Amino acid sequence: MGEELPPSLFNILRSDLRDTRAEINGRLDGLSRDMVTASMLAQVQANQKERDDRQDARLRDLEEADTEREKEARRIAEEQRKTRAQQMFSIGLAGFSAVLALIGGIVVWTVTAGLQQIAGG
């Protein structure tokens, strides 16, 4: 039990990968330090700001369009509600008129029949 087991293939590959990453990152850090200048950084930041501004404008346009659609939907719903109320009022008024006409017809018939009896008819 005192003897040490040789490292597994997985551990060897993992340490090799770790060393390779460290070496590549070191090279890229040095390369990028030499290549990126202040003017390039300013240009990249300006481009990013322009993209952000365009995206913000697009989002504002979409929000305005959504607001307009919601207003239109509310207006249409309000018009439908008003139309429905007018229809119900018309139906009620027609029913009330029919009842009054029936009552008027009964009154006229009764008065006519009473007058005929009085006149001897």
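Residues numbered from 1 in each chain as written. Predicted model: local features only at pLDDT ≥ 70, side-chain atom pairs only at ≥ 80, totals over all residues. Heavy atoms only, no water.

(A) Geometry of the overall build of the protein chain. The secondary structure content of the protein chain amounts to two helices and zero strands. For the protein chain, the proportion of its 121 residues judged to be buried stands at 1%. When the accessible area of the protein chain is evaluated, it comes to approximately 11,300 Å², of which 62% is carbon and sulfur surface. (Helix = DSSP H or I, 4+ residues; strand = E, 2+ residues; numbered from the N terminus. Buried < 20%, exposed > 50% of the residue type's maximum accessible area, 1.4 Å probe, protein only. Areas by Shrake-Rupley, 256 points an atom, 1.4 Å probe, with all protein chains shown as cover.)

(B) Region of the structure containing the pattern of salt bridges. One pass over the full model with this rule turns up six salt bridges. Among the salt bridges present, the one from arginine 69 reaches aspartate 66, with a minimum N-O distance of 2.1 Å. With arginine 69 and aspartate 66 both in helix H2 (residues 38-119) and three residues apart, the pair spans about one turn of that helix. Looking at arginine 69, the relative accessible area reads 53%, which means it is exposed. With relative accessibility at 36%, the residue aspartate 66 sits in the partly exposed group. (Salt bridge = Lys/Arg side-chain N within 4 Å of Asp/Glu carboxyl O.)

(C) Representation of a negative patch on the surface in the model. The grouping of Asp61, Glu63, Glu64 and Glu68 at the surface amounts to a negative patch. By the element assignment, glutamate 64 lies in helix H2. Given the relative accessible area of 51%, glutamate 64 is considered exposed. (Patch = residues over 30% accessible without salt bridge, like charges linked within 9 Å, V, L, I, M, F, W, Y side chains within 5 Å. Lys, Arg positive; Asp, Glu negative; His and termini not counted. Charge placed at Lys NZ, Arg CZ, Asp CG, Glu CD.)

(D) Representation of a nonpolar patch on the surface within the structure. Among the surface-exposed residues, Phe89, Leu93, Phe96, Val99, Leu100, Ile103, Val107, Val111, Leu115 and Ile118 lie close enough to one another that they form a single nonpolar patch of about 1,000 Å² accessible area. Within the secondary structure, leucine 93 is located in helix H2. By relative accessible area, which is 44% here, leucine 93 ends up partly exposed.

(E) Structural detail: H2. Its 82 residues give H2 an end-to-end C-alpha distance of 119 Å, which sits within 8% of 122 Å, the value for a rise of 1.5 Å per residue. Where H2 ends, the next residue or the one after it, glycine 120, has phi of about 90°, a positive value. (Expected span 1.5 Å × (residues − 1).)

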